[in-house]
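# Architecture at a glance
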Amino acid sequence: MNSSPTNLLSGKLLLQQELPFSEKEIQSFIHTGVLQEVPGIKEHIFGFVCIRCGNQKSHLFGAIPRDDEEIVYCRKCIEMGRVSTCEPLYRWTGAKLQMPQATEALKWKGKLTQFQQDAANQIETAMLNRARLLVWAVCGAGKTEMLFQGLAAAMGRGDRICLATPRADVVRELEPRFREAFPNITISALYGGSPDRDEGSPFVLSTTHQLLRYEKAFDVMIIDEVDAFPYHADQSLSYAAKRARKDQSSLIFLTATPRTKLKLQSNLNLIPTVFVPARYHGHPLPVPRFVPCYNLKKSLKKETLPSKITNWIAEKRNANRRFLLFASSIAAAEKIAKLTGMECVHASDPERVEKVERYRNQEMDALITTTILERGVTFPSIDVAVIEADHQVFDEAALVQIAGRAGRNAKDPYGDVVFFHQGKTNGMVGAKRMIEMMNDLAKRR
Ligand SMILES: [Zn+2]
């Protein structure tokens, strides 16, 4: 790859320490007008604004005294390096990055279902027209493959493409699949601590966090799992995703469970939407069963599990079925692990990655997990149960995603999904309704 300043800097907004050039080279770039210094923090009448992440909340700014004045810095995006009133950002204003026009970039030879093909056509059209599109596709619809056709066409035009997702594990999961489908395209996979560096790649896979380093870089922006934490809750990430796009660019949202705002936009036709209501294997989504356990919280307090749950576990074991048990918190997961003798995994577990790998490799038949495994992971043939499905962490989107872990394999498409609860919630009822609605939609077409 050509590591020219254009390739390294074009479409980015970086701190001095992130510029892979010496102080002398930087000064000469500025002098010749190909690099521009941009204030990192600006002051306005109500306070400060961080130019990198858009933060305007006064409690998210810090101050460091220096000489007679104070340096103000942004705490919101500090994990990407400090932006302050003394530490500006740098923007490349020299030659524009030219992408190669890659013909026949796609080497994938699989076949799409009719639903997938319809979506693939609409995705390609949206990319071509620099338009917006919401792809509302059920868990297990095969959405990655639906992107291939449009991506190949965009690469053929010399577009610069970014697929961003809130979660690093999704970037890691997608990277080998895109490399296999597009073996001759330079792909950079970016997340905190990733080995890749973007030197002007035509195709960037990135966490939404890493987009804080980009400005007007991409002709096509795809945001996968748009409803996932932390994207939907962190305004700086949508700010970054917006700035990373060129003024004339296509924006594609992918999700199985859009949040209320996006759903509303879709219902009001403010964003064109394509539904993919069926899984790639054509079988309906497993519909959750509600199993009331009115002594559930009491039992857990007394360090026992209700018999309905222990019976379910025994049944699965007798039938040689692999399963996931979802718990509402780390404490609950650990307690259930102690009571059942099974292993558990959660976000702050140092062995998190290894355990998931061992479960994936079938070295364990069961795993207890918090919501960290609710999405982005595919295990072929499993059943799932949610313990305390009425707990507030299990909102509608989380429950639809959890149910979507079951029945992913064409050879074993009917997974069992059980919500053990102590009183139905709107989230539970909404999740079941959403799954039934998608199954109906798939049947009718
Ligand atoms: Zn900031």
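Attention here is on the structure that accompanies the text. Per-chain numbering applies: the sequence of each chain, read as written, is numbered from 1 onward. For this predicted model, a pLDDT threshold of at least 70 governs which residues receive local features, and a threshold of 80 or more governs which side-chain atom pairs are given and counted, while totals over whole chains, interfaces and linings are taken from all residues. Derived side-chain values reflect all non-hydrogen atoms in the structure, with water molecules and hydrogen atoms excluded from consideration.

### Observations regarding the packing of aromatic side chains
To pair, rings of Phe, Tyr and Trp, with the six-membered ring standing in for Trp, must have centres within 6.5 Å; the planes then decide the type, stacked if under 30 degrees apart, edge-to-face if over 60, and tilted in the middle. Summed over the entire model, instances satisfying the criterion amount to 13 aromatic pairs. Their ring planes at 70° and their centres at 5.3 Å tell us that Trp108 and Phe148 sit as a pair that is edge-to-face. One end of the pair, Trp108, is in the loop between strand S7 (89-92) and helix H3 (114-128); the other, Phe148, is in helix H4 (residues 143-157), and 40 residues separate them in sequence. Measuring from ring centre to ring centre gives 5.7 Å for Phe148 and Phe182, while their planes differ by 90°; the resulting arrangement is edge-to-face. With Phe148 in helix H4 and Phe182 in the loop between helix H5 (168-181) and strand S10 (187-190), the pair connects residues that are 34 residues apart, well separated along the chain. Burial classes follow relative accessibility: with a 1.4 Å probe on protein chains only, a residue under 20% of its type's maximum area counts as buried, one over 50% as exposed, and anything between as partly exposed. Judged by relative accessible area, which is 0%, Phe182 ranks as buried. Taken together, the ring pairs in this structure connect Trp108, Phe148, Phe178, Phe182 and Phe203 into an aromatic cluster. Remark: a charge is flagged as sitting over a ring if the NZ atom of Lys or the CZ atom of Arg is within 6 Å of the ring centre and within 35 degrees of the ring normal. One residue, Arg82, lies across the ring of Tyr73, its end atom 5.9 Å from the ring centre. Sitting over the ring of Phe290, Lys432 keeps its end group 5.1 Å from the ring centre. The way it works is that DSSP assigns letters per residue, a run of H or I at least four long becomes a helix, a run of E at least two long becomes a strand, and they are numbered from the N terminus.

### Thoughts on unusual backbone geometry
Notably, Glu225 is not glycine yet its phi reads approximately 55°, a positive angle. With respect to the helices and strands, Glu225 occurs in the loop between strand S12 (218-224) and helix H6 (235-244).

### Structural notes on the coordination of the zinc ion
Coordination of the zinc ion by the protein comes from Cys50 (SG), Cys53 (SG), Cys74 (SG) and Cys77 (SG), over a distance range of 2.3 to 2.4 Å. Of note is the zinc ion, whose 4 donor atoms meet at the metal with angles of 104 to 113° in an arrangement that counts as tetrahedral. Because water is not among the atoms used, a metal site may look incomplete, as its donors are only the N, O and S atoms within 2.8 Å, or 3.2 Å for Na, K and Ca. Each donor residue of the zinc ion lies on the same chain, and together they follow the pattern C-x2-C-x20-C-x2-C. Linking Cys50 in strand S4 (residues 47-50) with Cys74 in strand S6 (residues 69-74), this pair joins segments that are 24 residues apart in sequence. Neither Cys50 nor Cys74 differs from the other in exposure class; each is buried. The geometry test gives tetrahedral to four donors whose angles all lie between 85 and 135 degrees, gives square planar to four donors and octahedral to six donors whose opposite members are over 155 degrees apart with all other angles between 65 and 115, and gives irregular to the rest.

### Overview of the side chain of His346
Looking at where His346 falls in the secondary structure, it is placed in the loop between strand S17 (344-345) and helix H11 (352-360). Within the structure, His346 has its side chain in polar contact with the side chain of Glu334 (distance 3.4 Å). Should any heavy atoms of two residues lie within 4.5 Å, those residues are considered in contact. Dropping the residues within four chain positions of it, His346 is found in contact with Ile330, Glu334, Arg352, Thr370 and Ile372. Polar contact is defined as a pair of N or O atoms within 3.5 Å, subject to the rule that within protein one atom must be able to donate a hydrogen and the other to accept it, and that residues adjacent in sequence are counted only when both atoms are side-chain atoms.

### With respect to H11
For H11, the set of buried residues is Lys355, Val356 and Tyr359. The buried side chains of H11 occupy one side of the element, clustering within an arc of 95° when seen end-on. Looking at the buried side of H11, the elements it contacts are strand S16 (322-326), S17, strand S18 (366-369) and strand S19 (382-387). Trailing H11 by a residue or two, Gln362 shows a phi angle of about 65°, which is positive. Each direction from the helix axis to a C-beta atom contributes to the arc, which is the arc of those directions.

### Describing the sheet that holds strand S2 (residues 35-38)
The strand order across the open sheet built from 3 strands is S1-S7-S2, with neighbouring strands paired in antiparallel fashion. The strands lining the two open edges of the sheet, one partner per strand, are strand S1 (13-15) and S2. When strand polarity is set aside, the average angle formed by the axes of neighbouring strands in this sheet is 35°. Here S1 runs beside S7; their pairing, made up of 3 bridges, is antiparallel. By the bridge assignment for S7, Leu14 is matched with Tyr90. Two strands make a pair as long as DSSP finds a minimum of two bridges between them. Inter-axis angles, ranging from 0 to 180 degrees, are taken between N-to-C directions of lines fitted to C-alpha atoms, where helices are fitted over the stretch in contact.

### Some points on the pattern of salt bridges
Salt bridge criterion: a side-chain nitrogen from Lys or Arg within 4 Å of a carboxyl oxygen from Asp or Glu. Counting across every chain of the model gives 36 salt bridges. In this structure, Glu357 engages Arg360 in a salt bridge whose closest nitrogen and oxygen atoms are separated by 3.4 Å. Separated by 3 residues within a single helix, Glu357 and Arg360 lie in helix H11, roughly one turn from each other. Look at Glu357 and you get partly exposed, because its relative accessible area is 36%. Take Arg360: its relative accessible area is 28%, and that puts it in the partly exposed class. Where salt bridges share partners, they join Lys143, Asp224, Glu225, Asp227, Glu374 and Arg375 into one cluster.

### Section: the nonpolar core
Grouped together as the largest cluster of nonpolar side chains are 109 residues, with contacts concentrated most on Leu151, Phe178, Phe182, Phe203, Leu211, Ile222 and Leu373. If you tally residues by element for this core, the top one is H4, at 7 residues. In this structure Leu373 touches Leu324, Phe326, Val345, Val356, Leu367, Phe379 and Arg405, once residues within four positions along its chain are discounted. Only buried residues count toward a nonpolar core. Its members are Ala, Val, Leu, Ile, Met, Phe, Trp, Tyr and Cys residues joined through side-chain atoms within 4.5 Å. Core analysis: the second largest hydrophobic core is formed by 23 residues, Leu300, Leu305, Trp312 and Ala333 among them.

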